[in-house]
Amino acid sequence: MEKILNYINGVLTEPFSGAYLENVNPAEGRVYSLIPDSGNKDVNHAVEAARRAFTKWSATPAEQRSAIMIRIADLIERDLDKLALAESIDQGKPLKLAKTVDIPRASANFRFYATAILHTASDAHFTDQQAINYTQYQPIGVAGCISPWNLPLYLFTWKIAPALAAGCTVVAKPSEVTPMTAYLLSQLCIEAGLPEGVLNIVHGLGAKAGQAIIEHPEVAAISFTGGTATGKKIAATAAPMFKKLSLELGGKNPNIIFADCDFENAVSTSIHSSFSNQGEICLCGSRIFVERPLYERFLTEFTARTRALVVGDPLDEKTKVGAIVSEAHMNKILSYIELAKKEGGTIVLGGKQITGTGRCANGYFVEPTIITGLEHLCRTNQEEIFGPVVTIMPFDTEEEVLEYANSTTYGLAATIWTENLKRAHRVAAQVKSGIIWVNCWLFRDLRTPFGGMKQSGVGREGGFEALKFFTEEKNVCIKL
Ligand code: TXE
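Since the model is a prediction, treat every value here as computed from it, not as a measurement.

(A) Quick look at the overall build of the chain. Within the chain one finds 15 helices and 25 strands. Against the compact-globule benchmark of 23 Å for 480 residues, the chain has a radius of gyration of 23 Å, which places it among compact chains. Taking the principal axes of the C-alpha coordinates as reference, the chain spans close to 65 × 65 × 40 Å. Burial statistics for the chain: of 480 residues in total, 58% are counted as buried. Intrachain contacts of the chain at a sequence separation of at least 6 include 75% that bridge at least 24 residues.

(B) Representation of the layout of surface pockets within the structure. The calculated volume of the largest pocket comes to roughly 780 Å³. Lining of the largest pocket is provided by 37 residues; of these, Trp149, Phe224, Gly226, Gly227 and Thr230 occupy positions nearest its centre. For the lining of the largest pocket, the secondary structure elements donating two or more residues are helix H7 (206–215), strand S11 (219–225), helix H8 (228–238) and helix H11 (327–342). Both of domain 1 (2–249 + 456–479) and domain 2 (253–445) provide at least three residues apiece to the lining of the largest pocket.

(C) The arrangement of empty space enclosed by the protein in detail. All chains considered together, the criterion is met by four cavities of 30 Å³ or more. Contributing to the lining of the largest cavity are Gly251, Lys252, Gly279, Ile281, Cys282, Cys284, Ser286, Glu384, Ile385, Phe386, Gly387 and Val389. Of the residues contributing to the lining of the largest cavity, the split by class is six nonpolar, four polar and two charged. Taken as a whole, the second largest cavity spans an internal volume of roughly 60 Å³. As for the second largest cavity, its lining consists of 15 residues, and the residues nearest its centre are Pro254, Ala405, Tyr410, Gly411 and Ser433. Among the elements of the structure, strand S13 (253–257) and strand S20 (410–411) are those that each provide at least two residues to the lining of the second largest cavity. Among the residues forming the lining of the second largest cavity, the class breakdown is six nonpolar, five polar and four charged.

Parameters and conventions
- Residue positions within a chain follow its written sequence, with the count starting from 1.
- For this predicted model, a pLDDT threshold of at least 70 governs which residues receive local features, and a threshold of 80 or more governs which side-chain atom pairs are given and counted, while totals over whole chains, interfaces and linings are taken from all residues.
- Side-chain measures were taken over the full set of non-hydrogen atoms in the model, leaving aside hydrogen atoms and water.
- Segments assigned H or I by DSSP are reported as helices when at least four residues long, segments assigned E as strands when at least two residues long, and all are numbered from the N terminus.
- In this description the radius of gyration comes from C-alpha coordinates, and the expected globular size is given by 2.2 Å times residues to the power 0.38.
- Think of it in three bands: with a 1.4 Å probe and only protein chains considered, a residue is buried below 20% of the maximum accessible area for its type, exposed above 50%, and partly exposed in between.
- Contacts between residues were defined by any pair of non-hydrogen atoms, one from each residue, lying within 4.5 Å.
- Residues are called lining when one of their atoms sits within 4 Å of a cavity or pocket point, these points coming from a 1 Å grid over the protein atoms alone, where a cavity is a set in which a 1.4 Å probe fits but cannot get out and a pocket is an open set with protein on both sides within 12 Å along at least five of seven lines.
- Grid points are joined across faces, edges and corners, and a volume is the space filled by probe spheres set on the points.
- For every domain, the bounds stem from an assignment made automatically or drawn from a database.
- Amino acids outside the nonpolar list (Ala, Val, Leu, Ile, Met, Phe, Trp, Tyr, Cys, Pro) and the charged list (Asp, Glu, Lys, Arg) are all regarded as polar, and Gly is one of them.

Following this line, the structure appears as structure tokens:
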């Protein structure tokens, strides 16, 4: 069985403990590879390698750092099919999605930050002809990057690329649930000639390897994406050490549909925003609010199109909804569907586990599920389910839908459907979310900041802000 290895100091290496964890293919419910069960010793070794590499990497001219990162981007593109297959097998997402979204975006992340560092600028102020003030941004040191399982290589590279571009060295940990593409990336970094110690990838459990990265005194900045409960724990550990922290956490995103919307666009995009990647995208709209005059029509059409979604083997071209990432996560989703019933919800469609066929007979599949009849404050409408489950509710006024939309502890993303421009701006201004899409979903410009409000996190990723995150800011004042 294939053994994944850590990537430390430029070398693929076994964990000190010699112990391995099982990596499951969720579409088959079968262990298919082993991952290092790393601990303190491995993390210490990785941080030491990163610390040693920092002096040289941070002083490497931006053009050279850029050239190596572009080589990595090119290699990701060259291996698109192989990486997409690995990601689909590891996570259960449809192969087509991995090919068209996840892996191209991983390459784009490297390319974007490789070129961004060639165009950075800093501020200077001339003070009353008496002094010149200018701001310097210096790489902060060793950065810790920890990513989740839902968009494995996409989110992993979104953290690593700006850190490396800024001149930091990195100790990174992918999710133990989906480690394969990070392992393949480490092989590409070796091939690209990334100097030893600049990027170190340590595999293993969050509470063990992840926690060791957060606690390490030499790790100066932490970029984390994952669940809100984990984010709280990380913040509690890192805050007394005054580490720089960026936390991208959960969401319970509203999808607000006004009666004057472009109906076809609203329905077809809502299918994507509800069920893409089995609903396991932090930006999925899991609470759909429809203005009453359109409610019945929307529900009928949305239900019909959801029923037509092909659920099953992620490697099959026709599949639109693949496997849930793990058995534990599938059980969590199913338990929320049971909770919805207890809370008085009506299961309009789905609601059950599906048994796959052929090689997928033991896989983890859940029917795309539509629930109506719930109050906006019930747990089903307040807690992140992170699966192919949406609730749909009617509303009568803007005030009412804003109250619904803003009623959760989360504030990551929202979608608004209306052809009324004034209303679009008015509602967008009042929804408490870090990203608002009007008449579209998941449209991303990498230059724009990304992040949540409230318990969806702190800090921003994306754009030049992510580069700045991995630096220390210094003002130099020269008296004339
Ligand atoms: O995420 P975790 P899990 C949500 C979703 C899901 C829930 C839990 O609702 O059901 O979170 O998922 C590492 N110190 N999201 O358990 O635990 C861990 O190894 C340092 C939303 O998979 O937050 C992994 O690499 N690291 C989300 C990463 O943190 C720790 C995407 C995320 O794992 C750690 C995923 C610790 N103490 C889940 N504990 C989104 N918003 O995109 C864990 N980790």
